[in-house]
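These are the residues of each chain, in order.
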Amino acid sequence: MSVLSPVIAIVMTLILGAVLFTALGVNPAQALYVYFVEPVTQLWSLEELVVKAAPLALIAIGLALCYRANVWNIGAEGQFTAGAIFGSAIPILLPDWDSWMVLPLMLILGVIGGMLYAAIPAILKNRFGANEILTSLMLSYIALLVLDWLVRGPWRDPGSFNFPQSVTFSDAATLPLLVSDGRLHVGVLFAVLAALIAAIRLSFSVQGFAIEVAGNAPRAARFSGFSQKRITLSVFLISGGLAGLAGICEVSGVLNQLRPEISPGYGFAAIIVAFLGRLNPLAILLAALLLALSYIGGEGAQAELAVSSTVTRLFQGFLLLMILGCDTLIAYKIRLVTSRSHASGEAARG
Amino acid sequence: MVDWPVVAAIVLTIVTASTPLLLAALGEVVAERSGVLNLGVEGMMAIGAVSGFAATHATGSTFAGVIASAIGGMILAVPFAVLVINLSVNQVATGLSLTLFGLGASAMIGDKYVGVPGIKLPQLHIPGLSDIPFIGPVLFGQDGLVYFSVVLTIAIGWFLTRSRGGLVLRAVGDNHDSAHNLGLSVLGVRWAAVLFGGACAGLGGGYLSLGYTPLWTENMTAGRGWIAVALVVFASWRPARVLVGAYLFGAVTILGFHAQGMGLAIPSQFISALPYLATVVVLVIISGNKAMLRANTPACLGKPFVPTR
Amino acid sequence: MQDLAAAAADHGVQPLLRADGLTKRFGALTACDHIRFEIQPGEVHALLGENGAGKSTLVKMLYGALEPDEGQIVWNGQPVRIGSPAEARRLGIGMVFQHFSLFEALSVAENIALALPHLPRRTLADTISRVSKSYGLPLDPRSTVADLSVGERQRVEIVRCLLQEPRLIIMDEPTSVLTPQEVDLLFVTLRRLSSEGVAILYITHRLSEVLALANHATILRRGKVVETADPAQETAGSLARMMVGSEVLGIERPPAVTGTRKPRLVLSNLSLSAEGQFGTPLSGIDLTVNAGEVVGIAGVAGNGQQEFFDAVSGERTAATDQAILIDGVQVGRRGVNARRKLGAAFVPEERMGHGAVSNFRLSENVILTRHATDNEVARGGFLHRRIARDVEERVGERYDVRRSTADPKAGSLSGGNLQKFVVGREIDRSPGVLVVSQPTWGVDAGAARTIRSALVDLARGGAAVLVISQDLDEIFEIADRIAVLSEGRLSTLYPAESLTMERIGLLMGGIHGEQAGEDAPAALKDSSHAS
């Protein structure tokens, strides 16, 4: 049953795609092929798929923990950016430092940057009750503007002919590749590792249990001796740290420099990934691949069919609406069926 | 000496920066008073902006554009209403997805309008009155939507406190079970409120692409929909306070740019960040006053209503 | 309303309302099974039954909130289909709900205007003042409902109902939230309405109220009408037999141990701020619960019970450590798990969402209160779900928790079964101190008996048991000593035998100390109340 609704949602999105492409005057079969099949037929695009899925998965795993605890962090884009900025400080400010320590330090700083930035909405919520949805989102806009300022101002590469970009990172500051050529960097492993750890801790640890209780029944969480505030802070810190890690990996492993646009909306697409993966860390890995497919397919469609890549974002948004709808429809149907087969004393009293 | 024409120009830009916030936030007040938290305002604004621009482009009439923007926002509110009201889906998640969907759809629809010059909403000109220094352009030289937004504020204020319809709306937002027991149509009231909210958000978006900057760019709403949602909290769900709040935010946005224009050496990015920062600060201040918030928050806000057969 | 009575008299024996084979099914469960009964104009008709007997479902059908699957309603000789509450009101059927159906953020006048769209709003406030005064239910139409007491809210409901000039008023458990004195006042109003020709359908599970008020009684059991009785011919015992279907057994209550008297739970000068805007702050509470006894805390809802439970359980901590002692250890500022580690256990009033998580399996609900205290269930930060399932199995068997599958979700259990589980889960830990709030709220008689026996047995085994309950019958059945919580203050403890209903009522009304103390000897004299 838990597989059913994402599948229905994906099918519905494909149908929408077919209708949309027809309306745009493009052969729908060909378009859907370019969008969703072609990327998985070639080795380089498969690699690209994994490289794009990695940050989505890292962020979405953290978001899933938040959403399970009923904490609405939607500022992952900002935490991703903060991680990228923090981690990039080393190669940009100390471009000549060549040491094995550079990379680990960058990664650690990236995680810290994301955590610190995520701590703001958490603390504002705990201390003042400020709505975390709005604060975390506003902070995202601010982070993007700060990045913009940095790469156009103090951190701009003097030799860049006024292009808004930082210096290119040295080899010491570049994530090593998993295979000798191509683009598959070791950051991908972090995503898999994070998914495994999150899955185990969610099912078997007391902290995972605390997150579930807090998300299901805040009053019961208090009764169980869990502090809502501590849970809010910790899921924010974890998701911020993962988003920050994704940010620094993207900069260090893919872009090799800071630019005003380091993310094609990963922080927001990860929300969709989290829901598509049913907030389950392992399923999120699959969901991230699917969303990554839509990015690459969008690029392909633009190149081959002259269809604007903006279609991608439409698909992503529609997919999320469909998942939410299907989830409820299916759950609703099951409720109807069970209430018919089980005699419930509550109903009589109701 | 005060340079009155310059001050008037500043005030005019503040008004144009504030009006989209005001329109969108007014719609959200109505929706939230009925108990529905719609976080899709940003998406509905984006759709309103693109549909207003497209309709104006196609017909050459800004009036048609304004109507189209309202309809666009309302249409986007439909899937939200189905999911949230009829299927009781989590309102936060659905609102988020509505925003993502609306931004994506608007980007796609608007793709062919990027770089196309638009038509600006005509400004009122009353010979004589509009020519009075300072007062003239500020009071008698705005476009129609500005006046409409002020009238709408008063109308919604009246509706909520004085009319029976408003009483029913507040009742549904306060306790949907009791409202249902009384025979009031909870779902009907909420549908109407959400559609109205969508139309208002659409209008707010339309004002962006027709009045604020008459052109279309992707993501031109730039978080204004979210600021509008925050404004509703800031205003503790009261239309008159929404007006004050919207104009405060408009002023913060515009004064920053003027400060920069006057030679203050602040990077433009920091000026652009001001409204977002202001939103965070305002939320913190408002949320600190828990008693006031609790007394004003619609008790059923965000809670799904499942009729007991 | 006088002419209504006259009109009814003209019709002679025609019943005002007749239920003709009303049936309602929910899935496999038949909540109401071919219900037949009649209400005559101007009579007080009691609908008596246990929790879960189908009373609420029946009433919802009469009030148009539920559609019957079979059967029909005959109103004044005419078969009618009542499709909505609004239609019921148009016919002349008014309803006062058990859980109030008021809008807290709105004023009294606005609340009433919502139900009466045809009344002119301008004169409504005056009408409310006049009608409410004339029935002895004075109300200020401008005040906000959120600021009213429970009793006043009920007045709003009744006045709202009266303004519709109904010929039948349905009252669903109206006294469950009132002090005995308020109940008396309500009965005066009801008798007056009845004398004016308004029929009253009075839903209750309290036998004494049926005897005191009703002209006729229809008794429901498991969705069926099992008996129609004339209360004048019956006793509480005979009514109870009809309601439960067998001889009603009191629980075995061996006398409290008098020898040792070791204090296990001591509260001294405990104060706590109000929870939320409408809460009640606690001030200066002193209480000692000894080993081997059950202490009952009586009081009308909303007098600080929530704060009291939170303070004792540690969900909210007190200002000083000395305020609360468990087995001599100061725990005032320590959390709920620190107190559990000292052998205390807690059962909150709300089962769903507080004492248990409905989405969780029963075994996971075992973890809920044990993860910090039970090394078997959680060790080194990791859960041992198998052990939790063993506990679930044990509790389920010992306390007769009926489950449809192995280890079901808490939400799938009926209220009574879940309550047995939640209480059993705590008793299974063999606690030295057990604090229970509303142990049998909304629970059928069988489960209530199981739970009450378990509480008394636990105490007799050496534990200190503190029961917070609004149900006076329950308090008298199990408590050895009783105190009353009123407006956040706790009265002194009285031996149960020394208290009468009247005396408790005075204490509930906030009459402490001197006044209540003076008539103590009188109360002691007629201490016949022990049911």
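On a predicted model such as this, the values are computed, not experimentally measured, just so you know.

Draft legend 1. A look at the overall build of chain B. Each helix and strand in chain B was counted, giving 13 helices and 0 strands. Taking 309 residues into account, the globule formula puts the C-alpha radius of gyration at 19 Å, and chain B, at 19 Å, falls close to it. Principal-axis analysis of the C-alpha atoms gives chain B an extent of 65 × 45 × 40 Å. Sequence separation of 24 or more characterises 78% of the internal contacts of chain B that already satisfy a separation of 6 or more.

Draft legend 2. Representation of the overall build of chain C in the model. Counting its secondary structure elements, chain C contains 19 helices and 23 strands. Against the globule reference of 24 Å for 531 residues, chain C gives a C-alpha radius of gyration of 24 Å, in line with a compact fold. With the C-alpha coordinates aligned to their principal axes, the bounding extent of chain C is approximately 75 × 55 × 45 Å. Buried residues in chain C amount to 51% of all 531 residues. Residue pairs at least 24 apart in sequence account for 68% of intrachain contacts in chain C once pairs closer than 6 positions are excluded.

Draft legend 3. Layout of the pairing of strand β6 (residues 93-96) of chain C. Residue and element names in this part refer to chain C. Every second residue of β6 is oriented toward a common face, with Ile93 and Met95 on one face and Gly94 and Val96 on the other, all of them buried. Judged from the 4 bridges that link them, β6 and strand β7 (residues 168-172) form a sheet pairing that is parallel. Paired with Met95 across the strands is Ile170, a residue of β7.

Draft legend 4. View of the interface of chain B and chain C. Chain B puts 16 residues into the contact, and the matching count from chain C is 18 residues. Secondary-structure elements contributing two or more residues to the side of chain B that touches chain C are α7 (164-174), α8 (176-181) and α13 (290-296) of chain B. Top element by residues in the side of chain B that touches chain C is α7 of chain B. It accounts for 6 residues. Within the side of chain B that touches chain C, the residues separate by chemical class into 7 nonpolar, 4 polar and 5 charged.

Draft legend 5. Summary view of the interface of chain B and chain A. At the interface, 39 residues of chain B touch 40 residues of chain A. Residues that form the side of chain B that touches chain A fall into these classes: 26 nonpolar, 11 polar and 2 charged.

Draft legend 6. Representation of the domain arrangement of chain C within the structure. Residue and element names in this part refer to chain C. Domain annotation for chain C reports domain 1 (2-92 + 165-244) and domain 2 (263-525). Computed from C-alpha coordinates alone, the two centres of domain 1 and domain 2 are separated by 34 Å. Taken together, the contacts link 9 residues of domain 1 with 11 residues of domain 2.

Draft legend 7. Examining the sheet that holds strand β3 (residues 44-49) of chain C more closely. All names here are of chain C. Here 6 strands make up an open sheet; going across it, the order is β6-β7-β8-β3-β9-β10 and the pairing mixed. The open sheet has two edge strands, β6 and β10 (224-229), and neither has a second partner. For this sheet, the mean angle separating the axes of adjacent strands, direction not counted, is 20°. Contacting β6 and β7, helix α6 (residues 150-163) crosses the sheet at an angle of about 175° to β6. Each of β3, β7 and β8 (199-204) touches helix α7 (residues 180-195); the most contacted strand, β8, lies at about 145° to it.

Draft legend 8. Quick peek at the sheet that holds strand β11 (residues 263-272) of chain C. Residues and elements named next belong to chain C. In spatial order, the strands read β12-β11-β14-β15; together these 4 strands make up an open sheet with antiparallel pairing. Strands with a single pairing partner mark the edges of an open sheet, and in this sheet they are β12 (282-290) and β15 (329-330). Inspection of the sheet shows β11 paired to strand β14 (residues 324-326) by 3 bridges, in the antiparallel sense. By the bridge assignment for β14, Leu265 is matched with Ile326.

Draft legend 9. Highlighting the packing of helix α2 (residues 28-37) of chain A against helix α12 (residues 281-305) of chain A. Residues and elements named next belong to chain A. As a packed pair, α2 and α12 sit with axes 7 Å apart at the nearest point and diverge in direction by 135°. The orientation of α2 with respect to α12, classified from their angle, is oblique. Facing Ala31, Val34, Tyr35 and Phe36 of α2, the residues of α12 in contact are Leu293, Gly297, Gly300, Ala301, Glu304 and Leu305. In terms of residue class, the contact of α2 with α12 is made up of 7 nonpolar, 2 polar and 1 charged.

Draft legend 10. Inspection of helix α8 (residues 206-216) of chain A at higher detail. Judged by how many residues are buried, α8 of chain A sits mostly within the fold: 8 of 11 residues are covered. Among all positions in α8 of chain A, only Val206, Gly208, Phe209, Ala210, Ile211, Val213, Ala214 and Gly215 of chain A are buried.

Draft legend 11. Here's a closer look at the pairing of strand β13 (residues 294-298) of chain C. Residues and elements named next belong to chain C. Taking burial as the measure, the 5 residues of β13 include 5 buried ones, the bulk of the element. Of the two faces of β13, the one holding Val294, Gly296 and Ala298 and the one holding Val295 and Ile297 are both buried throughout. Taken together, the 4 bridges between β13 and strand β20 (residues 464-468) define a ladder with parallel strand orientation. Residue pairing in the sheet places Gly296 in a bridge with Val467 of β20. Pairing analysis gives 4 bridges linking β13 to strand β21 (residues 481-486), with the strands arranged parallel. Residue pairing in the sheet places Ala298 in a bridge with Val484 of β21.

Draft legend 12. Looking closely at the environment of Pro138 of chain C. Residue and element names in this part refer to chain C. Relative to the helices and strands, Pro138 resides in the loop between α5 (121-134) and α6. Since 12 C-beta atoms lie within 10 Å of it, Pro138 is described here as exposed. With near-sequence residues (within four places) excluded, Pro138 lies in contact with Ser132 and Lys133.

Draft legend 13. Fine view of the nonpolar core. Grouped together as the largest cluster of nonpolar side chains are 393 residues, with contacts concentrated most on Leu56, Ala57, Ile59, Ala60, Val273 and Ile284 of chain A together with Leu231 of chain B. Sort the elements by how many residues they give to this core and helix α3 (residues 43-68) of chain A lands first, with 15 residues. Mapped onto the domain boundaries, this core takes at least three residues apiece from domain 1 (2-92 + 165-244) and domain 2 (263-525) of chain C. Excluding residues within four positions of it along the chain, Ala57 of chain A makes contact with Ala191, Ala195, Val273, Ile284, Leu285 and Ala288 of chain A.

Draft legend 14. The arrangement of the packing of helix α11 (residues 266-276) of chain A against α12 of chain A in detail. All names here are of chain A. One can describe the packing of α11 onto α12 by two numbers: an axis separation of 8 Å at closest approach and a directional angle of 135°. In terms of their interaxial angle, α11 and α12 are classed as oblique. Judged by the sense of rotation from one axis to the other, the crossing of α11 with α12 is right-handed. Together, Ala269, Ile272, Val273, Ala274 and Leu276 of α11 and Ile284, Ala287, Ala288, Leu290 and Leu291 of α12 make up the contact between the two elements. The residue makeup of the contact of α11 with α12, split by class, is 10 nonpolar, no polar and no charged.

Draft legend 15. The arrangement of the confidence of the model for chain C in detail. All names here are of chain C. Looking at chain C as a whole, the pLDDT averages 85, with 91% of positions reaching at least 70. Scored below 50 in pLDDT, residues 1-10 makes 15 contacts in the model with residues more than four places away or belonging to other chains. Across residues 513-531 the pLDDT falls below 50, and counting only partners more than four positions away or on other chains, this stretch makes 20 contacts in the model. Predicted as a complex, the structure gets a pTM of 0.87 and an ipTM equal to 0.88.

What counts as what
- Residues numbered from 1 in each chain as written.
- Chains lettered and ligands numbered in written order.
- Predicted model: local features only at pLDDT ≥ 70, side-chain atom pairs only at ≥ 80, totals over all residues.
- Helix = DSSP H or I, 4+ residues; strand = E, 2+ residues; numbered from the N terminus.
- Rg over C-alpha atoms; globule rule 2.2 N^0.38 Å.
- Contact = placed C-beta atoms within 7 Å.
- Buried ≥ 20, exposed ≤ 12 C-beta atoms within 10 Å, placed from the backbone.
- Pairing = 2+ DSSP bridges.
- Nonpolar A, V, L, I, M, F, W, Y, C, P; charged D, E, K, R; others polar.
- Domains from an automatic or database assignment.
- Axes fitted to C-alpha atoms, helices over the stretch in contact; angles between N-to-C directions.
- Parallel < 35°, antiparallel > 145°, perpendicular 65-115°, else oblique.
- Core = buried A, V, L, I, M, F, W, Y, C linked by C-beta atoms within 7 Å.
- Left-handed = near helix turned anticlockwise from the far one by under 90°.
- pLDDT = per-residue confidence, 0-100.

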